[in-house]
Amino acid sequence: MMTPALLSVALLLLLLLPGVPSADPTLYPIRVVVENSVNNSPNKTYSTSVVYRGILLGGLTRLQKSNKGFRFTYTQDPNYGPFLQSVNGLAGSQQKRTYWELLVKPANNQTFRPDVGIGCYIPNPNDLIILNYAKY
Ligand code: B12
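Here's a quick rundown of the structure. Model, not experiment: these values are computed from the prediction.

### A few points about unusual backbone geometry
Right, so step 1: Backbone geometry at R53 places phi at a positive 60°, although glycine is not the residue there.
Right, so step 2: For R53, the location among the structural elements is in the loop between β2 (44–50) and α2 (56–66).
Right, so step 3: On the basis of relative accessibility, which here comes to 56%, the residue R53 falls in the exposed class.
Right, so step 4: Unusually for a residue other than glycine, N108 sits at a positive phi of about 55°.
Right, so step 5: Among the structural elements, N108 can be located in the loop between β6 (98–105) and β7 (128–135).

Here you go:
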């Protein structure tokens with residue numbers, strides 16, 4: 001039988017052993033800006049966070065929970081997963097040929113257009129996520 005003291009030492013050693021995965025409780029900050037390039041209404045910027053290697057959908061869900069001013073919906077595509085359908089009540093439309101484009105501006109770097117959607121993109125800390133209502 002291990003004494004409680006021995007047990008804590010054993011647990012500590014286990015945590016410190018290289019290669020043994022441990023949970024990272026840190027939340028990494030990202031910002032989200034909502035833009036509209038169709039009618040050029042004013043941008044709105046929000047702050048949220050993702051867990052270690054968490055997906056953008058997680059960050060958007062956290063933001064929706066923490067901030068009543070931000071809302072979004074998505075549909076589930078059978079092949080590509082979540083498709084961002086609406087932001088703050090404004091939905092993309094097949095008839096109007098509009099959609100919510102996903103862009104990313106990493107800290108100190110050029111803006112790029114990810115080749116995956118909100119369910120696959122993994123933000124880096126301090127990314128600026130641009131949700132842009134656009135035409136196609
Ligand atoms: C046309 C197209 C679009 C159009 C679809 C509008 C329409 N009604 O036609 C628009 C411009 C909206 C679009 C947007 C995006 N797209 Co797109 N799109 C395509 C494309 C060129 C053809 C799809 C198609 O018509 N297939 C034929 C029809 C019959 O099949 P379908 O299953 O009904 O097609 C639907 C899905 O493909 C869906 N769709 C289209 N793009 C995306 C992206 C995601 C993430 C999801 C979940 C669904 C989805 O819309 C189609 C019509 O309803 C494909 C590449 C290809 N050659 O296949 C890329 C493709 C599917 N798109 C892609 C991406 C990344 C995006 C964006 C995330 C780009 C961005 N950074 O903004 C956005 C989606 C953002 C969001 N709101 O979630 C990737 C998906 C890869 C992945 N594993 O996630 C592809 C494969 C291109 C690539 N880069 O390799 N797209």
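### What to know about the nonpolar core
Right, so step 1: Formed by 21 residues in total, the largest nonpolar core has its most connected members in L56, L60, F70, I118, I129 and L131.
Right, so step 2: Those residues in contact with L56 that lie beyond four places of it in its chain are I30, L102, I118, Y121, P123 and I129.

### Re the site of the ligand
Right, so step 1: As a matter of local geometry, the ligand sits amid 17 residues, with L84, Q94, W100, L102 and P114 nearest to it.
Right, so step 2: Interatomic distance of 2.8 Å between a backbone N/O atom of W100 and a nitrogen atom of the ligand.
Right, so step 3: Interatomic distance of 3.2 Å between a side-chain N/O atom of Y136 and a nitrogen atom of the ligand.
Right, so step 4: Breaking the shell around the ligand down by element, the ones donating at least two residues are β4 (81–87) and β6.
Right, so step 5: For the shell around the ligand, the per-class residue count stands at 10 nonpolar, three polar and four charged.

### Topic: the environment of P125
Right, so step 1: When you line up the elements, P125 lands in the loop between β6 and β7.
Right, so step 2: Sequence separation between P125 and R31 is 94 residues; the distance between their C-alpha atoms is 9.3 Å.
Right, so step 3: P125 has contacts with Y28 and P29, leaving out every residue within four places of it along the chain.

### Remarks on the pattern of salt bridges
Right, so step 1: A complete count under the given rule lists one salt bridge for this structure.
Right, so step 2: A salt bridge links E101 to R113; the shortest N-O distance between them is 2.9 Å. In this pair, E101 sits in strand β6 while R113 sits in the loop between β6 and β7, placing the two residues 12 residues apart along the sequence.

### Concerning α2
Owing to its 3.6 residues per turn, the α-helix brings residues three or four apart onto one side.
Right, so step 1: Residues of α2 that are buried: L56, L57, G59, L60 and L63. Here the buried residues of α2 occupy an arc of 160° about the axis, which is enough to place them on one side. Set apart from the buried face of α2 by more than 90 degrees, the exposed residues are K65 and S66.
Right, so step 2: Residues of α2 that are buried make contact with β1 (28–36), β2, β3 (72–77), β4, β6 and β7.

The rules behind the values
- Residues numbered from 1 in each chain as written.
- Predicted model: local features only at pLDDT ≥ 70, side-chain atom pairs only at ≥ 80, totals over all residues.
- Heavy atoms only, no water.
- Helix = DSSP H or I, 4+ residues; strand = E, 2+ residues; numbered from the N terminus.
- Buried < 20%, exposed > 50% of the residue type's maximum accessible area, 1.4 Å probe, protein only.
- Core = buried A, V, L, I, M, F, W, Y, C linked by side-chain atoms within 4.5 Å.
- Contact = heavy atoms within 4.5 Å.
- Near = heavy atom within 4 Å.
- Polar contact = N/O pair within 3.5 Å; in protein donor to acceptor, adjacent residues only side chain to side chain.
- Nonpolar A, V, L, I, M, F, W, Y, C, P; charged D, E, K, R; others polar.
- Salt bridge = Lys/Arg side-chain N within 4 Å of Asp/Glu carboxyl O.
- Arc of directions from axis to C-beta.

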